[in-house]
There are 2 protein chains.
Amino acid sequence: PPPGGYPQQDPMYGYFLQIAGQDGQIDAEELQRCLTQSGMSGSYKPFNLETCRLMIAMLDRDMSGKMGFNEFKELGMVLNGWRQNFMSVDTNRSGSVDGGELHRSLTSMGYSLSPQALNLITRRYSTHGRITFDDYITCCVKIRALTEAFRRRDVSQQGMVNFMYDDFIQCVISI
Amino acid sequence: PPPGGYPQQDPMYGYFLQIAGQDGQIDAEELQRCLTQSGMSGSYKPFNLETCRLMIAMLDRDMSGKMGFNEFKELGMVLNGWRQNFMSVDTNRSGSVDGGELHRSLTSMGYSLSPQALNLITRRYSTHGRITFDDYITCCVKIRALTEAFRRRDVSQQGMVNFMYDDFIQCVISI
C-alpha cells in the first residue's frame, strides 16, 4: 500500500506514479512532460520549464523542489480554473489577452491591487502589449505564490510584513 | 546628435542602435538576439527569454521594460564579471557547477546569506544537483535585483524593511 494512505482507487494515482518514477515525486521536467501530454495547455503553447518550476514552488510547502500526489491534484484544479478564466477573456481564441483583460481577470480572482501594481504586472508579462497563455499562467502562479508567502508572514493580518534581508530573499527567491 | 549626449565615438553605440531599432530601446527579444550574436554566453547555451526579461528588470530604473544605451553597457560589464566568476569555478568547462561552488561564488561577490537561504537558492536553480550557466546567470540576476530593490526601500540601512502588500508585489513582481 502506498505511504500516506492515498486511496488506491483514485484514478489519477496510477498516472501520477507513472510520471513520478521511483522517487514518487514530480520534478519540474517531469511536470512539463506531463502537462504537455495531458493537454493541460489545450491548444495553447506548452508551458516552458521555468513556468513548471514556479508551479512547483507555488505549492511546495516542504521546499523540496518536488511535488507529491496531493500537490499534483491541487495544481490540476488551480490550472483548470485559470485556463477557464483565460478562455472566458480570450473570447476569439487568439491565444492572448490585453492588459485590461488581464486586470479584469485578476480582479475577478479577488486580488486587490493598485493601478500601479497592475500596470507593472502587465508590462512584465506582455509582449508587444499582449499576454500569451503561457505568460498569463506564469503571472497567475507568481501572484498567487507571492500573496501566500506574504500572508504566511503577515501574522497579524494587517497587510504589512517586516522583513529582514535574509528572510526576504528566502521568501521570494523560489518564486 | 543623439539625445542624452551619448558620445557618438563610442564604438558600441552604433551596434546598440542597430539592435534597438526605431525606438532606440532594447526589449527582451532584441536582447536575447544580441546576446546570442555577440557570443556573450560563450560556448554555453544561449540565454532563454525569461532570463533576458530579468536582466532588463534588474537595471530598469524607469520600469519601462526596455533598456537604453547606458543600461546596455552596464549589463555587458556585469555579465562579463559573472561569466568570469562562473568560468573560474567551472574549471573543467563542464558547463555547470554544484551547490558548494555556487555558494563560494555568491560569497565572493559579497552576498552575506544564511545557509538556509543558500540551500534554497541551490535547490531552486539546480537540475539533478548541477547549476548550468544559464541558470547561474538567472540566479545572479535575481539575487542582485532583489538585493537592490530591498536596499532602495531600506532607508535606514538596518537590513530591515516594512512592506505593505501592494508595495511588496510591486517590488518583486518584475524580478
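Chemist: Talk me through the overall build of chain A; I want residue IDs and the actual numbers.
Modeler: Looking only at helices and strands, chain A features eight helices and three strands. The order of helices and strands in chain A, counted from the N terminus, is α-α-α-α-β-α-α-β-α-β-α. For chain A, whose C-alpha radius of gyration is 17 Å, the value lies close to the compact-globule estimate of 16 Å for 175 residues. Based on the C-alpha atoms only, the size of chain A along its principal axes is roughly 50 × 45 × 25 Å.

Chemist: Quick rundown of the pattern of salt bridges? Include the residues and the values.
Modeler: Residues and elements named next belong to chain A. Under the defined criterion, the tally for this structure stands at 12 salt bridges over all chains. Where Asp23 meets Lys66, a salt bridge forms, and the shortest distance between an N and an O atom there is 2.8 Å. One end of the pair, Asp23, is in the loop between α1 (11-20) and α2 (28-37); the other, Lys66, is in the loop between α3 (49-59) and α4 (69-89), and 43 residues separate them in sequence. Through salt bridges that share partners, Glu74, Arg144 and Glu148 make up one connected network.

Chemist: Help me get a handle on the packing of aromatic side chains, residues and values and all.
Modeler: Enumeration according to the criterion identifies 25 aromatic pairs over all chains in this entry. Ring geometry for Phe168 of chain A versus Phe163 of chain B: centroids 5.6 Å apart, planes at 10°, classification stacked. Highlighted residues: Phe168 of chain A in helix α8 (residues 165-172) and Phe163 of chain B in strand β3 (residues 160-164), drawn from two different chains. Given the relative accessible area of 0%, Phe168 of chain A is considered buried. Taking the relative accessible area as the measure of exposure, Phe163 of chain B reaches 0% and is therefore buried. On the basis of an interplanar angle of 80° and a centroid distance of 4.8 Å, the ring pair of Tyr13 of chain B and Phe69 of chain B is categorised as edge-to-face. Placement of Tyr13 of chain B in helix α1 (residues 11-20) and of Phe69 of chain B in helix α4 (residues 69-89) is noted, with a sequence separation of 56 residues between them. By relative accessible area, Phe69 of chain B is classed as buried at 2%. An aromatic cluster is present here, built from Phe150, Phe163, Tyr165 and Phe168 of chain A together with Phe150, Phe163, Tyr165 and Phe168 of chain B joined pairwise through their rings. Taking NZ or CZ as reference, Arg124 of chain B lies 4.8 Å from the ring centre of Tyr125 of chain B, over its face.

Chemist: Describe helix α7 (residues 133-153) of chain B, naming the residues involved and giving the relevant values.
Modeler: With 21 residues, α7 of chain B should cover 30 Å at 1.5 Å per step; its first-to-last C-alpha distance of 30 Å lies within 8% of that length. The buried fraction of α7 of chain B amounts to 17 of the 21 residues, a majority that puts the element mostly inside the structure.

Chemist: With reference to specific residues and values, describe the pairing of strand β3 (residues 160-164) of chain A.
Modeler: Going residue by residue along β3 of chain A, you find Val161 and Phe163 of chain A tucked away on one face and Met160, Asn162 and Met164 of chain A left uncovered on the opposite face. As judged from the five bridges shared by β3 of chain A and β3 of chain B, these two strands associate in the antiparallel manner. Across the sheet, residue Val161 of chain A finds its bridge partner in β3 of chain B, namely Phe163 of chain B.

Chemist: Pulling in residues and values, what's your account of the relation of the copies chain A and chain B?
Modeler: You can overlay chain A on chain B at an RMSD of 0.0 Å; the transform is a turn of 180° with a shift of 0.0 Å along its axis. What the rotation and shift describe, once combined, is the action of a two-fold rotation axis. Measuring from the rotation axis to each C-alpha of chain A, the shortest distance belongs to Asn162 of chain A, at 2.1 Å. By residue overlap, the copies meet face to face through one surface: 100% of the interface positions of chain A are interface positions in chain B.

Chemist: Tell me about the interface of chain A and chain B, and please be specific about residues and values.
Modeler: Tallying the contact residues gives 45 residues for chain A and 45 residues for chain B. For chain A, the biggest contributors to the area lost against chain B are Arg124, Tyr165 and Ile173 of chain A; these three give 19% of the whole. Across the pair Arg124 of chain A and Glu50 of chain B runs a salt bridge, and its minimum N-O distance is 2.9 Å. Scanning the region where chain A abuts chain B turns up 20 residue pairs in polar contact (both at pLDDT 80 or more).

Chemist: Got a sec to walk through the nonpolar core? Specific residues and values, please.
Modeler: In globular proteins that are soluble, nonpolar side chains generally tend to be buried together. Formed by 114 residues in total, the largest nonpolar core has its most connected members in Ile121 and Phe168 of chain A together with Ile121 and Phe168 of chain B. Aside from chain neighbours lying at most four places away, what touches Ile121 of chain B is Ile169 and Ile173 of chain A together with Leu102, Leu106, Leu113, Cys139 and Ile143 of chain B.

Chemist: Which residues make up α1 of chain B, and what values go with them?
Modeler: One full turn of an α-helix is made of 3.6 residues, so residues set three or four places apart face in the same direction. Residues and elements named next belong to chain B. Burial in α1 covers these residues: Tyr13, Phe16, Ile19 and Ala20. For α1, the arc enclosing every buried residue in end-on projection is 125°, short of the 170-degree limit, so these residues lie on one face. Counted as exposed and oriented over 90 degrees from the buried face of α1: Pro11 and Gln18. In this structure, the buried side of α1 is in contact with α2 (28-37) and α4. Downstream of α1 by one or two residues, Gly21 has phi in the positive range, about 70°.

Reading guide: rules and limits
As a convention, each chain's residues are numbered from 1 in the sequence order in which they are written. Here every chain gets a letter starting at A, and every ligand a number starting at 1, in the order they are written. Note on the predicted model: pLDDT of at least 70 is required for a residue's local features to be given, and 80 or more for side-chain atom pairs to be given and counted; whole-chain, interface and lining totals, by contrast, use all residues. Only heavy atoms go into the side-chain values, all of them from the structure, while hydrogens and water stay out. Helix and strand labels come from DSSP, where a helix needs a run of H or I of at least four residues and a strand needs a run of E of at least two; each type is numbered from the N terminus. Atoms counted for the radius of gyration: C-alpha only. Globule rule: 2.2 Å times residue count to the power 0.38. By salt bridge we mean one thing: a side-chain nitrogen of Lys or Arg within 4 Å of a carboxyl oxygen of Asp or Glu. In this scheme Phe, Tyr and Trp rings, the latter by its six-membered ring, pair at centre separations within 6.5 Å, and the angle between planes marks the pair as stacked below 30 degrees, edge-to-face above 60, and tilted otherwise. The cut-offs for exposure are 20% and 50% of the maximum accessible area for each residue type, with area from a 1.4 Å probe on protein chains only; residues under the lower value are buried, those over the upper are exposed, and the others partly exposed. Here, a charge over a ring is recorded when the distance from Lys NZ or Arg CZ to the ring centre is within 6 Å and its angle to the ring normal is within 35 degrees. Multiply 1.5 Å by the residue count of a helix minus one, and that product is the helix's expected span. DSSP bridges decide pairing: two strands pair if at least two such bridges lie between them. A least-squares fit on C-alpha atoms brings the copies together, and the residues used are those whose pLDDT is at least 70 in both copies. Note on definitions: a residue-residue contact is assigned when non-hydrogen atoms from the two residues lie within 4.5 Å. Accessible area that two parts lose when put together, evaluated with a 1.4 Å probe and summed over both, is termed the buried area. Between N or O atoms, a polar contact is any pair within 3.5 Å; within protein, one atom must be a potential hydrogen donor and the other a potential acceptor, and residues adjacent in sequence are included only when both atoms are from side chains. By convention a nonpolar core is built from buried Ala, Val, Leu, Ile, Met, Phe, Trp, Tyr and Cys residues, the set being connected through side-chain atoms within 4.5 Å. Think of it as the arc spanned by the lines of direction from the helix axis to the C-beta atoms.

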